[in-house]
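Structural characterization, general
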Amino acid sequence: MTLRLTNTLTGRQGAFVPLEPGRVRMYSCGPTVYAPAHVGNFRSFLFADLLRRYLGWLGFEVTWVMNITDVDDKIIRDAGREGVPIGELTARYTSAFLEDAERLRMTRPDVMPRATEHVPDMVALIESLLATGHAYRTDDGSIFFRIASWPSYGQLAHIDPTQQRVGERVEADDYDKDDVRDFAVWKGPKEGEPSWDTAIGPGRPGWHIECSAMSMRYLGTTFDIHTGGVDLIFPHHEDEIAQSEAATGKQFVRTWMHCAHLQMGGQKMAKRTGNIERPADVYARGYSPRALRYALIAAQYRAPLEFGEDSLRAATAAVERLGNVLIALDAHRSDATGDPGFPALLGETRERFTAALDDDLNVSPALAAVFDLARELNRRLDAGTLSTADAQSAAAFLRDLDRVLGVMEEGDEALEPELSAMLDERAAARAARDWATSDRLRDELAERGVAVEDTKTGQRWRRLVEAQRG
RNA sequence: GGCGACGUACCCAAGUGGUUAAGGGGGAGGUCUGCAAAACCUCUAUUCACCGGUUCGAAUCCGGUCGUCGCCUCCA
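Figured I'd write up the structure that's included with this text.

Our focus in this paragraph is the pairing of strand β7 (residues 183-187). In terms of burial, β7 is largely enclosed, as five of its five residues are buried. By the bridge criterion, three bridges tie strand β6 (residues 143-145) to β7 in an arrangement that is antiparallel. By the bridge assignment for β7, Phe 144 is matched with Ala 184.

Written as C-alpha cells, this is what we have:
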C-alpha cells in the first residue's frame, strides 16, 4: 500500500509521490495572532500534525513549515484599541498559541516564520510581479495582483472568475483597483498603521503574499504539500497560487489538502459568529488536552466534525481506555508462555492501521484496529494467558502507533502532596483491611477530582473531568 | 445565482455493488471485586433521509424529492 491523499487541485485522491524521494516538504497555514486560537483552528493544525506525524512514521524525512501571521487588519485594529504596539499584542498571542499547541501535542514545526520578519522576501516577490506585469500600483501606494493576467485563476477553487458574484462591498473597499477581483499584495501606508520602507515603497504586506514568500523561502519554489481549512481555498490559496506561479513560472504546490470545519450545534465554529470554544474553556471543564486532541483528530479530516460535550466525554473515555491497557501491560508479570501467534496479532493490527491511514488519513478505521487490539489484549490479560514478554512487546507496539496519534498516555503529571499523602494513608488503611477509612478517603479524593482504583498491584489514580465528579 | 460537502443506531463515526452494517461513547444485564473502579462477556440498526430505477444482488450505481452544512467577503 502507498499513501493516497486527496488533492484539492484535482478534486481526487492520488498516490502521494514526493518531489524528492524519501523527503517531504510541507507548509501549513498557521494562526493570525490577535486572539487565542479556538478549537476549530486547532482541528486544522492537528490535522496537519497528524499528516506530519504519519509521514514521519512512514519513514519520510519531513520539513514542516507553519507561518505565524503577525500583521494584518485585525491585529492593527485590536492593538489600536488597546493602545499598544502590534508587536506587543502578537507576542502575547504567539506564546499563547505555542502553549496551546504544545499541550495538544502538536509536533513543533521545523520553521515557524513570522510575516513581519520576512518583508524583504515578500518585496522581492512583488518586484518580480511588477516587472512581469502581473501586478500594478495604485495612487495610494498599494500594489494589486491583476487576475486578468493569470488565465488559470480559479483552478484550485474550481470556479470561473468571470462568474464570480461581486457584491456591494466593492464600494466599501478602501482601495482603488482596476478590477474588483484583483487582490492586494501590498497595502499602501496609512496614518496609524505600521509601515515598512522598502524598494517598492512604504506600506505593509497583503495577507496572501506572506504565505507565498515564506513557504518558498523555506521549501523552494515547488514543494509537496500545503494544508489549511476549507475556508482558505478561496480566495487565500487561490491567490497564493496565482502570485507564486506568476512570479516563478513554476508549479507552486503539488498537493493541496484542506480539512473540513469543526461544527458546534451543527454550525461552523467561527469567531465571527461567536460560536467558538477555546482549549482553555475545555480544560476549565476538566477535560484533558489529550481528550481534546482525540476529539479533534478522531474523524477523517475531510468530513465536517461535530464538537461538543458529548464528543469530549466520548473522547475522554476512549483515551482512558487506551491509557488503561498500556498501564495494565506495563504492570503485567506472568509465568504464561509466549504465544507464537502473538507477532501475527500485532502485525494484523499494524496492517489495518497503515491501510486506513494510507487511505487519505482515514483515522476512524485505524482507531478501530487499535481498539480491537486493546480488547484482545485485555481479554488475554484477564485470562492470564499473556506472557510478560508479549505484554511488553504489545506495549511497545502501541506506543509506536501512538507516535502517529499522540493520545494514549498522559504526560507525567504530579499529584498535589496533600492528595498524595491521602493516597498513602489509604494504602495503609487497606493493608489493615480498614475498609471504612479506605472508602472515606476514596470519596474525599473523588471530591477533589481524583479517582482511585484498586488493582492487583496497588492503587491507581487519575483525574476526573468535572462531569464525573460527585 | 455559482461551486462544493453531506444525510448510517440514543450520540459521534467507518463502510461506497455480494458472508453477521467497523470502532468509540451511552444504556440494560452478567462476571470479577470487601465495596467500587478498571477489565471481560451478552444485548442495544432485518436496516442505512424519502421515492423510483439499474442489477441475480445496492447503504453503496442512476434519476428525482426533502433536509442540513460550507465557500463565493475576514475566516482553520
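Alright, that's what it looks like, and here's the rest.
Helix-helix packing is characterised by the crossing angle of the two axes and by the distance between the axes. Viewed as axis vectors pointing N to C, helix α1 (residues 39-57) and helix α9 (residues 289-297) meet at an angle of 80 degrees, and their least axial separation amounts to 9 Å. It follows that α1 is roughly perpendicular to α9 by the angle criterion. Note on element contacts: α9 touches α1 through Leu 292, Arg 293, Leu 296 and Ile 297, opposite Val 39, Phe 42, Arg 43, Leu 46, Asp 49, Leu 50 and Arg 53.

Another aspect to go through is α1. With 19 residues, α1 extends 25 Å from end C-alpha to end C-alpha; this agrees with the ideal 27 Å at 1.5 Å per step. With respect to burial, α1 is a largely interior element, 17 of its 19 residues being buried. After α1 finishes, the residue Gly 59 shows a positive phi value of roughly 110 degrees.

Residues Phe 97, Phe 307 and Leu 329 are the most contacted members of the largest nonpolar core, which totals 128 residues. At eleven residues, the largest contribution of residues to this core is made by α1. Split by domain, the residues of this core number at least three in each of domain 1 (4-259) and domain 2 (306-405). Leave out the neighbours within four places in its chain, and Phe 97 touches Pro 31, Ala 37, Phe 42, Phe 45, Met 66, Ile 68, Met 106 and Met 112. Ranked by size, the runner-up nonpolar core spans eight residues in total, among them Met 422, Leu 423, Leu 441 and Val 452.

Turning next to the packing of aromatic side chains. For any pair of aromatic rings, geometry is given as the distance between the ring centres together with the angle between the planes. Tallied over the full model, the rule gives 13 aromatic pairs. Taken together, a centroid distance of 5.2 Å and an interplanar angle of 15 degrees make the contact between Phe 145 and Phe 183 stacked. Placement of the pair is Phe 145 in strand β6 and Phe 183 in strand β7, with a sequence separation of 38 residues. What makes Phe 183 buried here is its relative accessible area of 7%. Ring centres 6.3 Å apart and planes at 75 degrees place the aromatic pair Tyr 153 and Phe 234 in the edge-to-face group. Of the two residues, Tyr 153 is situated in the loop between β6 and α5 (169-172) and Phe 234 in helix α7 (residues 233-248); the sequence distance between them amounts to 81 residues. When its relative accessible area of 5% is taken as the criterion, Tyr 153 is described as buried. According to the relative accessible area criterion, Phe 234 is partly exposed, its value standing at 32%. Among the aromatic residues, those joined into a cluster by ring pairs are Tyr 27, Phe 223, Phe 252 and Trp 256. The ring centre of Tyr 283 lies 4.4 Å from the NZ or CZ of Arg 103, which sits over that ring. When the ring centre of Tyr 218 is taken as origin, the NZ or CZ atom of Arg 217, which lies over that ring, is 5.2 Å away.

Scanning all chains against the criterion turns up zero disulfides. Unpaired in this structure, Cys 29 has its nearest cysteine sulfur neighbour in Cys 211, at a distance of 3.8 Å.

Calculation criteria
Residues numbered from 1 in each chain as written. Chains lettered and ligands numbered in written order. Predicted model: local features only at pLDDT ≥ 70, side-chain atom pairs only at ≥ 80, totals over all residues. Heavy atoms only, no water. Buried < 20%, exposed > 50% of the residue type's maximum accessible area, 1.4 Å probe, protein only. Helix = DSSP H or I, 4+ residues; strand = E, 2+ residues; numbered from the N terminus. Pairing = 2+ DSSP bridges. Axes fitted to C-alpha atoms, helices over the stretch in contact; angles between N-to-C directions. Parallel < 35°, antiparallel > 145°, perpendicular 65-115°, else oblique. Contact = heavy atoms within 4.5 Å. Expected span 1.5 Å × (residues − 1). Core = buried A, V, L, I, M, F, W, Y, C linked by side-chain atoms within 4.5 Å. Domains from an automatic or database assignment. Phe/Tyr/Trp six-rings, centres within 6.5 Å; stacked < 30°, edge-to-face > 60°. Lys NZ or Arg CZ within 6 Å of the ring centre and 35° of its normal. Disulfide = S-S within 2.5 Å.

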